[in-house]
Amino acid sequence: MLIPRHLRLLLFFATAILLSACHSKKLTVKNGDPRTMVKPDKDIADKYAALMGVSRNDIQNGRLYSFIDEWYGTTYRFGGLDKSGVDCSGLAFLLEQQVYGITLPRMTSKQILVIKRKYEEELQEGDLVFFDFDGKQFSHVGVYLQNGYFVHASTRKGVMIARLHDNGIYKFFSRGGSIIDPAYSSQAD
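Residues numbered from 1 in each chain as written. Predicted model: local features only at pLDDT ≥ 70, side-chain atom pairs only at ≥ 80, totals over all residues. Heavy atoms only, no water.

(A) Inspection of the environment of L95 at higher detail. Looking at the secondary structure, you find L95 in helix α4 (residues 88-100). In this structure L95 comes out as buried when scored by relative accessible area, which is 0%. A C-alpha to C-alpha distance of 8.3 Å links L95 and V143, two positions 48 residues apart in sequence. Residue contacts for L95: discarding those within four places in its chain leaves L64, F67, Y100, V143 and V151. (Helix = DSSP H or I, 4+ residues; strand = E, 2+ residues; numbered from the N terminus. Buried < 20%, exposed > 50% of the residue type's maximum accessible area, 1.4 Å probe, protein only. Contact = heavy atoms within 4.5 Å.)

Right, here's the structure in full:
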């Protein structure tokens, strides 16, 4: 059966639009040179600026905030590494890989080994922050954002942004720092 030319063209353009729309979000997060800053969408910048109490102009890293927006609310699942559930070290692993192009070790106990420790006031976007829960040293990890906020996979609320100085979590804060040896992951895993 022959399809008229105008219907073939219409089908072609509709398919092209659908494929480009589906692909565009993934490009923002997963592809491209991580050293090249990608501006965030206005809606995303407004949303996270309000959540963290900063100016919209302070939300600069489109890859980071698109990644967070894509994963926000994902359920916590120990050992998880996908949208059906992710744990804290899995979230840090995926974020650093997809946003910054850095491959971390998969486990929190190994991630602590690849940071250069910083004072709290020196923390910058993308640094790792570690917590000691249930009497276990470095049992939880998050990724520092700005203005005292970090993103992590909470066991109760899933992927979320929290304030480092919230009463419920700050007493467990152990240390933070920048990643110094991304090549370590191939030896540590």
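Still more to cover.
(B) Representation of the side chain of S89 within the structure. Inspection of the secondary structure puts S89 in helix α4. Looking at S89, its side chain comes within polar contact range of the side chain of D87, at 3.4 Å. A polar side-chain atom of S89 sits 2.7 Å from a polar atom in the side chain of R106. With residues near it in sequence (within four places) discarded, S89 still touches R106, M107, T108, Q111 and V141. (Polar contact = N/O pair within 3.5 Å; in protein donor to acceptor, adjacent residues only side chain to side chain.)

(C) Looking closely at the side chain of Q146. As for its position among the elements, Q146 is in the loop between β5 (140-144) and β6 (149-154). Only 3.1 Å separates the side chain of Q146 from the backbone oxygen of D58, close enough to count as a polar contact. Among the polar contacts listed, one links the side chain of Q146 to the side chain of Y65, at a separation of 3.2 Å. Once residues within four sequence positions are removed from consideration, Q146 is found in contact with M52, V54, D58, I59, Y65 and E125.

(D) Structural view of the packing of helix α3 (residues 62-71) against α4. Viewed as axis vectors pointing N to C, α3 and α4 meet at an angle of 140 degrees, and their least axial separation amounts to 9 Å. Compared by their axis directions, α3 and α4 come out oblique. The chirality of how α3 crosses α4 is right-handed. Touching R63, L64, F67 and W71 of α3 are L91, L94, L95, Q98, V99 and Y100, all from α4. Looking at the contact of α3 with α4 residue by residue, the class counts come to 8 nonpolar, 1 polar and 1 charged. (Axes fitted to C-alpha atoms, helices over the stretch in contact; angles between N-to-C directions. Parallel < 35°, antiparallel > 145°, perpendicular 65-115°, else oblique. Left-handed = near helix turned anticlockwise from the far one by under 90°. Nonpolar A, V, L, I, M, F, W, Y, C, P; charged D, E, K, R; others polar.)

(E) Broad picture of the packing of aromatic side chains. Across all of its chains, the model carries 9 aromatic pairs by this definition. Relative to Y72, the ring of Y48 lies with its centre 6.4 Å away and its plane at 55 degrees, an arrangement referred to as tilted. Here Y72 lies in the loop between α3 and β1 (81-82) and Y48 lies in helix α2 (residues 42-52), a separation of 24 residues in the sequence. A relative accessible area of 33% means that Y72 is categorised as partly exposed. Judged by centre distance (6.2 Å) and plane angle (80 degrees), the ring pair of F130 and F138 falls under edge-to-face. Residue classification places F130 among the buried positions, given a relative accessible area of 0%. (Phe/Tyr/Trp six-rings, centres within 6.5 Å; stacked < 30°, edge-to-face > 60°.)

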